[in-house]
Amino acid sequence: MKLSKVFLLLLPAIFSGCTNVAGDVTRTLSPVSSAPLDRAALFSSANAFFTDAGYQCRSTSDTEDFRCRKDLRDIYIHQTHAVVEIFPGDDGGNPLLVTTRWDEGLIPGEFISSQFSNPDVAAFCDYLAQATLAVCRNAS
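This report concerns the structure included in the present document.

Conventions and cut-offs
Residues numbered from 1 in each chain as written. Predicted model: local features only at pLDDT ≥ 70, side-chain atom pairs only at ≥ 80, totals over all residues. Heavy atoms only, no water. Helix = DSSP H or I, 4+ residues; strand = E, 2+ residues; numbered from the N terminus. Buried < 20%, exposed > 50% of the residue type's maximum accessible area, 1.4 Å probe, protein only. Contact = heavy atoms within 4.5 Å. Areas by Shrake-Rupley, 256 points an atom, 1.4 Å probe, with all protein chains shown as cover. Core = buried A, V, L, I, M, F, W, Y, C linked by side-chain atoms within 4.5 Å. Phe/Tyr/Trp six-rings, centres within 6.5 Å; stacked < 30°, edge-to-face > 60°. Salt bridge = Lys/Arg side-chain N within 4 Å of Asp/Glu carboxyl O. Disulfide = S-S within 2.5 Å. Expected span 1.5 Å × (residues − 1). Arc of directions from axis to C-beta.

1. Some thoughts on the overall build of the protein chain
Step number 1: Along the backbone of the protein chain there are three helices and seven strands.
Step number 2: Residues counted as buried form 31% of the 140 residues belonging to the protein chain.
Step number 3: Contacts in the protein chain between residues at least 24 apart in sequence constitute 58% of all its contacts with a sequence separation of at least 6.
Step number 4: Surface summary for the protein chain: the accessible area is close to 8,800 Å², and the carbon and sulfur share equals 55%.

This is the structure we're talking about:
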């Protein structure tokens, strides 16, 4: 009888799951020249680049945000996805490029690395530099 009570008490903990978030370095997108950054060209390039890399993207015109999501792992007990976002800078400053990894499921956070580096974002920064649209700099 006691064993069944213990099992019933632990059952919600077993199926409740965990959500863990790890972030990459935040980057500032600076214009290559003295001219201001063309946000429309930036969002268009980001949409094309990340869509080709397998992300699902959307932009919000009223807040000038851009967001893409890509599933990295989707198994029954655990899902992992990467999120890439571009936010407007403070007071009209340069936009910020932020990327995070979300782990959701039954694997406890102690078993998941808190370090994350998104190779797609590094490739996007290289792409922007080659297209002379912007330069990625680590935000301080």
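2. Digging into the nonpolar core
Across soluble globular proteins, nonpolar side chains show a tendency to be buried alongside one another.
Step number 1: The biggest cluster of nonpolar side chains holds 22 residues, and the ones touching the most others in it are Leu29, Leu42, Phe50, Ile86, Leu97 and Phe124.
Step number 2: The element contributing the most residues to this core is helix 2 (residues 39-52), with five residues.

3. Brief notes about the packing of aromatic side chains
Step number 1: For the coordinates displayed, the defined rule picks out seven aromatic pairs.
Step number 2: Measuring from centroid to centroid gives 5.2 Å for Phe49 and Phe50, while their planes differ by 85 degrees, and the two rings are edge-to-face.
Step number 3: Classification of Phe50 by relative accessible area gives buried; the value is 0%.
Step number 4: Aromatic ring contacts, followed pair by pair, group Phe49, Phe50, Tyr55, Phe124 and Tyr127 into a single cluster.

4. Some remarks on the pattern of salt bridges
Step number 1: Inspection of the entire model under this criterion finds five salt bridges.
Step number 2: Across the pair Arg69 and Asp71 runs a salt bridge whose closest N-O atoms are separated by 3.2 Å.
Step number 3: The exposure class of Asp71 is partly exposed, given its relative accessible area of 48%.
Step number 4: The closest approach of N and O atoms between Lys70 and Asp120, which form a salt bridge, is 3.6 Å. Of this pair, Lys70 sits in strand 4 (residues 65-75) while Asp120 sits in helix 3 (residues 119-130); the two residues are 50 residues apart in sequence, bridging distant segments of the chain.
Step number 5: Classification of Asp120 by relative accessible area gives buried; the value is 18%.

5. What to know about the state of the cysteines
Step number 1: A complete count under the given rule lists two disulfides for this structure.
Step number 2: Covalently, Cys125 is tied to Cys136 through a disulfide, its sulfur atoms 2.1 Å apart. Residues Cys125 and Cys136 are joined through a disulfide that is left-handed, its torsion about the S-S bond being -90 degrees. Of this pair, Cys125 sits in helix 3 while Cys136 sits in strand 7 (residues 135-138), and the two are eleven residues apart along the sequence.
Step number 3: A residue is classified by how much of its surface remains accessible, and Cys125, at 10% relative accessible area, is buried.
Step number 4: The connectivity of the disulfide-linked cysteines in the protein chain, indexed sequentially, is 1-2, 3-4.

6. Considering helix 2
Step number 1: With 14 residues, helix 2 ought to run about 20 Å at 1.5 Å a step, and its terminal C-alpha atoms sit 20 Å apart, in line with that.
Step number 2: Here helix 2 has its buried residues at Leu42, Phe43, Ser45, Ala46, Phe49 and Phe50. Mapping the buried residues of helix 2 onto a view down its axis gives an arc of 165 degrees, with all of them on the same face. Among the exposed residues of helix 2, those oriented more than 90 degrees off its buried face are Ala40 and Asp52.
Step number 3: As for helix 2, its buried residues are in contact with strand 2 (27-30), strand 3 (56-60), strand 4, strand 5 (78-87) and helix 3.

Function-wise, these values are silent; they only describe arrangement.
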